Amino acid sequence: MHFALIADTFPPLRNSGAVQLRDLSREFAKQGYSLTVLLPASDGVERWSVANIDGAQVLRLQAPNTKDVGYVRRTLAELLMPFAMLKNLRRSPLAAMNWDGVIWYSPSIFHGPLVAALKKKCSCKCYLIIRDIFPEWAVDMGLMTTGIVYRFFRAVAQYQYSIADYIGVQTPGNIEYFRRWKQPGRELQVLPNWLGEAASVACSIRLNETSLTGRKILVYAGNMGVAQGMDTILQLAGSLVGNQHIGFLFVGRGSEVSRLKKMAAALQLENVLFYDEIDPDEIPELYAQCAAGIVALDQRHKSHNIPGKFLTYMQCGLPVIANVNAGNDLAEIVRQERVGRVCESDSVEALSKMVVELLAEIELDNQISARCTALFNREFAVEKTVRQIVSALSS
């Protein structure tokens, strides 16, 4: 069977979405399916370029730049993106290709016109993998009001939902939002985040050569933006600054990194280190140097989210200390599976106590790491993800 996967992120980008889609494409090939990944490209591509990457055909189509630009420019670029991609697809060697199913990954919410065109041309079913319920989460975070801008983005999102035959959401808690979407011929599924087999690459960060050597390290690796609520985690580090046995490591990029570094310096947090984003394949060896992983989500979120970093922690056998919005499905997973501690109140005092408890448990419970990897293998392995998507599109 031949499938098309549409997204706006893929290696060489290093974000969690790019890593997930790389692993997904590899697994499609491993299971014997033909996959074409359609991506927008703004750098170094005339109209199209095609390459075989890990068994998948990757077609990059010229489109306006949507990365690292202002909000207005990005919105205009994303609005034009699917039309530019469709125009250049028709000029490419794959113009006559017929696929047996179309899969697309959101964010972005703007792929709808391209998906609709391929669905009509190929007379096939479509599967929407939705990771962020936008613009709702932006309203929850206070980044947007329910005015004309919100209504515009909501209309775009609703259009992409209308095209889908299947929608895969991250957790059961997100199902309620899509109840009205369900009609005969449409199916809503829980499709958890996923990862492929972990790589084994030497890590450029050597903690035994830093000021944190000899400490038990709590690591946060990933995006540090508004949605993560990282101020609470830095305050947590501040509450434990007198404990010479505990250190905090932050690795990644994001809109809040510069401000967080200044905050750490102002608070004189000598138990904290920041590093720039590293290659995703270095992550397992980084985690091997750490005691626990940190999950952080801003308390204003109302939707349910299981960040990709939680999966990497579990895959590497690393228990977590999590600060998440109240009612998030992740909290129940952490407690039920006994893979760490979770706070739903944004309380630094509670988190500080949990850190000490967790580190003590790690010392005494030699099965906690095994519980983490067992949870990953049971719920988040990419083999299961591909089987679920293919089963839907083949039905």
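Residues numbered from 1 in each chain as written. Predicted model: local features only at pLDDT ≥ 70, side-chain atom pairs only at ≥ 80, totals over all residues. Heavy atoms only, no water.

## Concerning the sheet that holds strand β3 (residues 48-53)
Definition in use: For two strands to count as paired, DSSP must find a minimum of two bridges between them. Helix and strand definitions follow DSSP, with helices as H or I runs of at least four residues and strands as E runs of at least two, each counted in order from the N terminus. Fitting a line to C-alpha atoms yields each axis, with helices limited to the stretch in contact; the angle taken between N-to-C directions then spans 0 to 180 degrees.
Read across the open sheet, the eight strands follow the order β3-β4-β2-β1-β5-β6-β7-β8; overall the sheet is mixed. Of all the strands in the sheet, just β3 and β8 (187-190) have a single pairing partner and so form its edges. For this sheet, the mean angle separating the axes of adjacent strands, direction not counted, is 20°. In this sheet, strand β4 (residues 56-62) lies alongside strand β2 (residues 34-41) in parallel orientation, the contact comprising six bridges. The residue bridging P40 from the neighbouring strand is L61, located in β4.

## Notes on the environment of L267
With respect to the helices and strands, the residue L267 is situated in the loop between α7 (257-266) and β11 (272-275). A sequence separation of 33 residues divides L267 from L234, and the C-alpha atoms of the two residues are 9.2 Å apart.

## Here we look at the confidence of the model for the chain
As a reminder, the rule being used: pLDDT is a per-residue confidence score from the predictor, ranging from 0 to 100.
Taken over all residues, the pLDDT of the chain has a mean of 93, while the share at 70 or more is 100%. Looking at the elements of the chain, mean pLDDT is at its lowest for helix α4 (residues 136-140), recorded as 84, and at its highest for strand β1 (residues 2-6), recorded as 98.

## Some points on helix α11 (residues 348-364)
To keep it simple, the criterion reads: Residue count minus one, scaled by 1.5 Å, sets the expected span of a helix. Each residue gets one of three labels from its accessible area relative to the maximum for its type: buried under 20%, exposed over 50%, partly exposed in between, using a 1.4 Å probe on protein chains only.
Between its first and last C-alpha, α11 extends 25 Å over 17 residues, near the 24 Å set by a 1.5 Å rise per residue. Looking only at α11, the buried set comprises V348, L351, S352, M354, V355, L358, L359 and E361.

## What to know about the packing of aromatic side chains
Note the cut-off: Classification of ring pairs rests on two measures: the distance between centres of Phe, Tyr or Trp rings, Trp counted by its six-membered ring, which must be within 6.5 Å, and the angle between planes, read as stacked under 30 degrees, edge-to-face over 60 and tilted in between.
All told, the structure shown has 13 aromatic pairs when counted by the stated rule. Centre to centre, the rings of F28 and Y33 are 6.1 Å apart; their planes meet at 70°, and the pair counts as edge-to-face. Given the relative accessible area of 0%, F28 is considered buried. Take Y33: its relative accessible area is 23%, and that puts it in the partly exposed class. Ring geometry for Y161 against F178: centres 5.1 Å apart, planes inclined by 80°, an arrangement best described as edge-to-face. Separated by 17 residues along the polypeptide, Y161 in helix α5 (residues 148-163) and F178 in the loop between β7 (166-169) and β8 bring together distant segments of the chain. Residue classification places Y161 among the buried positions, given a relative accessible area of 2%.

## Brief notes about the pairing of β11
If a strand is regular, its side chains alternate between the two faces of the sheet. Pairing between strand β10 (residues 246-251) and β11: four bridges, direction parallel. Within β11, the residue paired with L249 across the bridge is L273.

## Focus on the packing of helix α6 (residues 230-239) against α11
Keep this limit in mind: Oblique is the label for any angle not covered by the other classes, which are roughly parallel (under 35 degrees), roughly antiparallel (over 145) and roughly perpendicular (65 to 115). Here is the rule for handedness: rotate from the far helix to the near one, and if that takes an anticlockwise turn smaller than a right angle the crossing is left-handed, while a clockwise turn gives right-handed. Note on contacts: a residue pair qualifies if any of its non-hydrogen atoms lie within 4.5 Å across the two residues. Classes in brief: Ala, Val, Leu, Ile, Met, Phe, Trp, Tyr, Cys and Pro nonpolar; Asp, Glu, Lys and Arg charged; the others, Gly included, polar.
With their axes 9 Å apart at the nearest point, α6 and α11 run at an angle of 60° to one another. Our classification of the angle between α6 and α11 gives oblique. Seen from above, α6 lies across α11 with right-handed handedness. For the pair α6 and α11, the contacting residues are T232, Q235, L236 and S239 in the first and V348, L351, S352 and V355 in the second. Split by residue class, the contact of α6 with α11 holds four nonpolar, four polar and no charged.

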